[in-house]
Structure formats: structure tokens, C-alpha cells
Amino acid sequence: MASIDFNGTTVELNPEGFLANPAIWTEELAAVLARQEEGIENLGEQHWAVIRFIRQHWLEHDSAPMVRSICKTVGVPLKTVYELFPSGPAKGACKLAGLPKPDGCV
Amino acid sequence: MTVPAPAALESRIAALTDADLARGFDAFRSKLSAAEVSYLGACVRCGLCAESCHYFKASPELENVPARKLDHVAAAFRRHATTAGRLLPGLVGARSFDREMVRAWVDAVFGRCSLCGRCSINCTVGIALPRVFRAARAALASMGLVPDDLQATVDNSLAHGNNMAITKADWVETVQWLEEELQAETGDPEARIPLDKKGAKYLFTVNPREPKFFPLSLQASAKVFWAAKEDWTLSSDPGWDLTNYGLFSCNDEQAGAITRNLVDAMERLECETLVIGECGHGYGAARWEGPEWLRGSYPFPVRSVLELMDEYLATGRIAVDPSRNPKAVTLHDPCNLVRHGGVREPQRRVLRRAASTFVEMAPHGEESFCCGGGGGQLAMAAYKDRRIASGGVKAKQIRETGAPVVVAPCHNCIDQLMELNKEYKLGVQIRTVAEVLADAIVPGPREEGGACPRP
Ligand code: SF4
Ligand code: SF4
């Protein structure tokens, strides 16, 4: 099992870099994941808006939102979502929002 | 020789009873035809298959040799199903089908094989290794030993009619949004993405990954249909998802139930032809395996959307300007589409017409290497490191073409290629055939008096 160091404690990741325990997610942890797993040094306002929306959606619906509702709710064009998260909405944004890896061809 | 299985499977393996093992072994036997049983004793240990397997090429170790994987499976067969094996197991290399062997099977057929079939076409004596590996997966499935994440994808399809558990409302809303985007892109307020159009010629199917996370490929396919003035539709109810992970979990009943969604949608919407979008395993499952799972041929033809795109260009139904795709493109051949599925040329003809420069990988076509994400590998997190390592073979092929654009007519391959792009720092753009074609479309000659370039 992979892991990262987070403020002196060890946080376990699944082999694909998603949190082994999605419940322990915090925004600080998201920033560390962004740097270490996705190579994103600084999360900007738009990153945060997307991440917070995905997290909230997951807490309420137990699933990742459609990219359509990310664009609509956060008010970013689709192109921007891909630019913000080069690994894509699933392996990029959902990972940083502390979701389990979505099922399917992702 | 102990090979650890994924943790969740390990506890289930430990709990297997003798009755479970017997059931698993029976399932294995029942999945093999008489001809396939003969493969189990046919290996002459020439070792030729080793270099044909991307797992072995990337990590040359014994357990990655296809013949070795075959041997794990065949050893149990020799022990239990042959007279010599029962009487003299040591003499014929027979081993008991026990927990230890189950672990070896899990590791060999789930953990180190994408069922790509490349070993098979390079085997000296023509052993269809993937048939045997699929029978072994079926045996493991009958004992409840499919890795959880792979099974979850199957369960989603069974419960929700698509492998990402997308609700009907979300699916329909996304299609309507894409229709607006298409109208904006084409400047045609009449451009449509038809839903539930009864009697349409083509029922088009997509990968749930498109509406969920990567809708531009769906919009591109719609643009192609728009340019060709095609009579097509999507289904709002189940029957729009072309994937079938039952092909990988090797539970034929579940695979058949998933295929049933497509057949039902064809009946409900009274369409003429089922069109499978850009997907390797989805094409193989619907076109070749589905009738076997459902024990009967379909009352309709099944075609790949690549064949349609090729026809539109060949007959001049859509016109393209390749200079709109100025960068060189190369093409990945999904195993299930090309080696297993037999769809090899249409995508090439489309790219030659729609892009300025088309470069083949070496090797390609039937001899193409798997991207590493096939056979359900993309869904099994436990084997991620092996998946990325084995994909190194494809990454190298891509780099050697020098092409900045990689086209893959399969969303599963695309996801793996995106990861390879990141891990191996390839710096390429990864696209579907429809995306390349859609970018090249110019107003047709009929409307413009033949002024537009035709390929
Ligand atoms: S089917 Fe493909 S992945 Fe599996 S052993 Fe053969 S070459 Fe290797
Ligand atoms: S090529 Fe065929 S016969 Fe030779 S070792 Fe491989 S499986 Fe056996």
C-alpha cells in the first residue's frame, strides 16, 4: 500500500493514489495530494471551487458528479476543468477531493 | 511458491472449502471445449511466446511468460482431469487444485494478463491461451474471486444499466447540454443529438466515461453524424452503454444480462443496426461474444462506428480538409477491436484522409502491443504498478513514432494512455478517431458547389 507523509503522520493511499480512507480528507490533505500525486504546486481558487463541489456532491450522493454539473455549478468551461486537472476529472479532481476511485474505464 | 492475492481476495481464498474448490474446477472444465482442452497439454515449451507478451517484455521474469501462466492453469487440469495426473501427479507435472494453486491462478490470469491474445498468434503450436485464461477467470468467478473493483463495475451495469451508475436524469441532461454545444460549434440551430428516436437507422452506443467525465468525444461523434445527415439515435433508458465488464470477470450469465440491455433497446426503439462507439472490448463483447452469451444470434447487424465514418468519407457524404489536423498522428490498435475483433482498416483510412500525416507504430495491426490497460486491468487497482510497467512497451512505441498525437479508438485504452503519458512523460495529445475527423470536417460539396477539398 502506498502512503504519503502528512504533518508527520502517514496517510495510506490505494495503489492508484486515491485515499485509502476517504473519510479522513481535509483541505490541507488535498493540497499535499495535489503536490505529491498530481504535480500541482498551488491550488488556485478555481481548483478549490471544483474540489469543494465534488467533495460536497460525494458526501450527499455517494458518487462523483457529472462533469456537466461541475461546469454548471462552479461556472467553469469544460476546457478549463481539463487544464486545471491534467489527469482529468476522475484521476485528477476526484482524487484531490478525497473520493474513492470511480468505477468504469477510468 | 506463494503469490499474495489482493487483501480482500486473500481472506476469501483462505475461507474456501473443498466444495468451493470442486465447484471452481468444474466451472473451469465446463468453459473449455474439447478442442480447447487439448491446448492444456500442447505447449512444447519453446518459449517463443515470452517476447510477445508486454508483461514479459517490460519485466522479464518467469511468472510473466505466457507459457508459465498457462502451466499454472494446466497443472491443475493434469492433476484432476487426466488419468496419469491422478495416478502419477509428479511424473506429469500435475499439482492439486488447492488454495495455493488458486492464488497462483489469481496472480497469473487477473494479475499478469490483459487477455490481449498476442501470445496466441505467436505461439508455435497455435494455443489459444486467452481462451484458457478466460476459463480460469470463470472458475475464479464461480468461487467469488473476482477482484472487488472489477466486480463493482459489472454490478453497476447490472443494477443501473451502465457501468458508472449514471442516473437517467444525469445522462439525458448531459446529452441535451452537448446538443447545445454542438449547435454552437456548427452554427446550426437544427443540429440534434436525438434521444429515443423510434425507427432510426442506427442506435448509437457510448462509453459512460464520455457523459460522465469526457464528453467531447461524444460531441465529436455527434458532429460526424450531423455532417453525414445520418438517421441515428441514443437511448435514454439502458441500452446506451456499450461496455461489458462481464467479458473480463468472465461470468457469462452476468455478461449476457448486460448485453441484453442493448438487445432490448434495439427492440424498443425499432432500430435497424446497432452501432458500437469507439471501444475495443465493447465491440468484441457486442459483436462476437454477445450472441454466445445469449445463446442465439441477434435479429439485427452490429457495426463499429469506425466503419460508418470510413463509409461517409469513401462515398463523399462528408468532406474533410486534412490541413485542419496539421500535427502528425499515430494510431493505437486496441486488442479487442483489431486482433480479436477484426476491425483494422477503417480507422486507418479515416486518419489518412482526415489528418495531414499518419504514422504507424511498429509493430501494429494484429501484432500491436496491448496498452496494458486491457482485460479489466484498468479496473483492478491492486495490479496498478504492473499495468504501468507493462504499458512501458506501448510508451516506447509511441515515442519512437515521434507523433505528437496518439489516436485510440477505445476509451479504456485512452485512459491507460493518459496515465502512460503522465508516467513516461510522453507529452502527447490523446484523441479518439471521431475527434480527429470532426476537426477536419468542412461544408460538404453539395452545399458549396463542389468548392471544398475532397480526399
Ligand atoms: S494474452 Fe497478452 S497479456 Fe496475457 S499472457 Fe498472452 S500476451 Fe501476455
Ligand atoms: S509459444 Fe506456445 S508452445 Fe511455445 S512456450 Fe509459448 S505457449 Fe508453449
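Procedures and definitions
- Residues numbered from 1 in each chain as written.
- Chains lettered and ligands numbered in written order.
- Predicted model: local features only at pLDDT ≥ 70, side-chain atom pairs only at ≥ 80, totals over all residues.
- Heavy atoms only, no water.
- Helix = DSSP H or I, 4+ residues; strand = E, 2+ residues; numbered from the N terminus.
- Rg over C-alpha atoms; globule rule 2.2 N^0.38 Å.
- Buried < 20%, exposed > 50% of the residue type's maximum accessible area, 1.4 Å probe, protein only.
- Contact = heavy atoms within 4.5 Å.
- Areas by Shrake-Rupley, 256 points an atom, 1.4 Å probe, with all protein chains shown as cover.
- Lys, Arg positive; Asp, Glu negative; His and termini not counted.
- Charge placed at Lys NZ, Arg CZ, Asp CG, Glu CD.
- Domains from an automatic or database assignment.
- Buried area = accessible area lost by both parts, 1.4 Å probe.
- Salt bridge = Lys/Arg side-chain N within 4 Å of Asp/Glu carboxyl O.
- Polar contact = N/O pair within 3.5 Å; in protein donor to acceptor, adjacent residues only side chain to side chain.
- Phe/Tyr/Trp six-rings, centres within 6.5 Å; stacked < 30°, edge-to-face > 60°.
- Nonpolar A, V, L, I, M, F, W, Y, C, P; charged D, E, K, R; others polar.

### Observations concerning the overall build of chain A
Helices and strands together make up the secondary structure of chain A, namely five helices and two strands. Across chain A, helices and strands are ordered from the amino to the carboxyl terminus as β-β-α-α-α-α-α. A compact globule built from 106 residues would reach a C-alpha radius of gyration of about 13 Å, and chain A, at 13 Å, matches this within 12%. Considering only C-alpha atoms, chain A reaches an extent of 35 × 25 × 25 Å along its principal axes. Here chain A, with 106 residues, has 58% of them falling under the buried criterion. For chain A, the share of sequence-separated contacts (at least 6 apart) that also reach a separation of at least 24 residues comes to 50%. Summing over all exposed atoms, chain A offers an accessible surface of approximately 4700 Å²; the carbon and sulfur share of this is 48%. Taking the average location of the 9 positive side-chain charges in chain A and that of its 13 negative ones, the two points are 8 Å from each other.

### Quick look at the domain arrangement of chain B
All names here are of chain B. Along its sequence, chain B is organised into domain 1 (7-145), domain 2 (155-311) and domain 3 (317-442). Put simply, the middle of domain 2 and the middle of domain 3, counted by C-alpha atoms, are 21 Å apart. Each side of the interface is counted separately: domain 2 has 29 residues, and domain 3 has 30 residues. With both chains or domains summed, domain 2 and domain 3 bury close to 2500 Å², and 62% of this area falls on carbon and sulfur atoms. Looking only at domain 2, the three residues that lose the most surface to domain 3 are R209, E278 and L306, adding up to 24% of its buried area. Here domain 2 and domain 3 share three salt bridges between them. One salt bridge connects R317 with E230, and the closest N-O pair in it is separated by 3.1 Å. Counting every contact that joins domain 2 to domain 3 gives twelve residue pairs in polar contact (both at pLDDT 80 or more).

### Here's the deal with the packing of aromatic side chains
Residue and element names in this part refer to chain B. All told, the structure shown has 13 aromatic pairs over all chains when counted by the stated rule. Ring centres of F25 and F97 lie 5.7 Å apart, and the angle between their planes is 55°; this geometry places the pair in the tilted category. Note that F25 is positioned in helix α2 (residues 18-31) and F97 in the loop between α6 (83-87) and α7 (99-110), a separation of 72 residues in sequence. You can call F25 buried: its relative accessible area is 8%.

### Description of the pattern of salt bridges
All names here are of chain B. Taken as a whole, this structure holds 43 salt bridges over all chains when the rule is applied. Here E270 ties to K198 by a salt bridge, and the two come within 3.8 Å at their closest N and O atoms. Residue E270 is located in the loop between α15 (252-269) and β3 (273-276), and its partner K198 is located in the loop between α11 (168-186) and β1 (202-205); the two are separated by 72 residues in the primary sequence. Side by side, E270 and K198 carry an identical accessibility label, which is exposed.

### Overview of the interface of chain A and chain B
Residue-level contacts link 27 residues of chain A with 32 residues of chain B. Roughly 2300 Å² of surface becomes buried between chain A and chain B when both sides are summed, with 60% attributable to carbon and sulfur atoms. Of all residues in chain A, M66, R68 and C105 of chain A bury the most surface against chain B, accounting for 31% of the area lost on that side. Inspection of the region where chain A meets chain B yields six salt bridges. With its nearest N and O atoms 3.4 Å apart, the salt bridge here joins E173 of chain B to R68 of chain A. Counting across the interface, chain A meets chain B through 14 residue pairs in polar contact (both at pLDDT 80 or more). Residue assignment for the side of chain A that touches chain B shows that the elements contributing at least two residues are α1 (27-38), α3 (67-74), α4 (78-84) and α5 (88-96) of chain A. When residues in the side of chain A that touches chain B are grouped by element, the largest group, six residues, is from α5 of chain A. Grouping the amino acids of the side of chain A that touches chain B by side-chain chemistry returns 14 nonpolar, four polar and nine charged.

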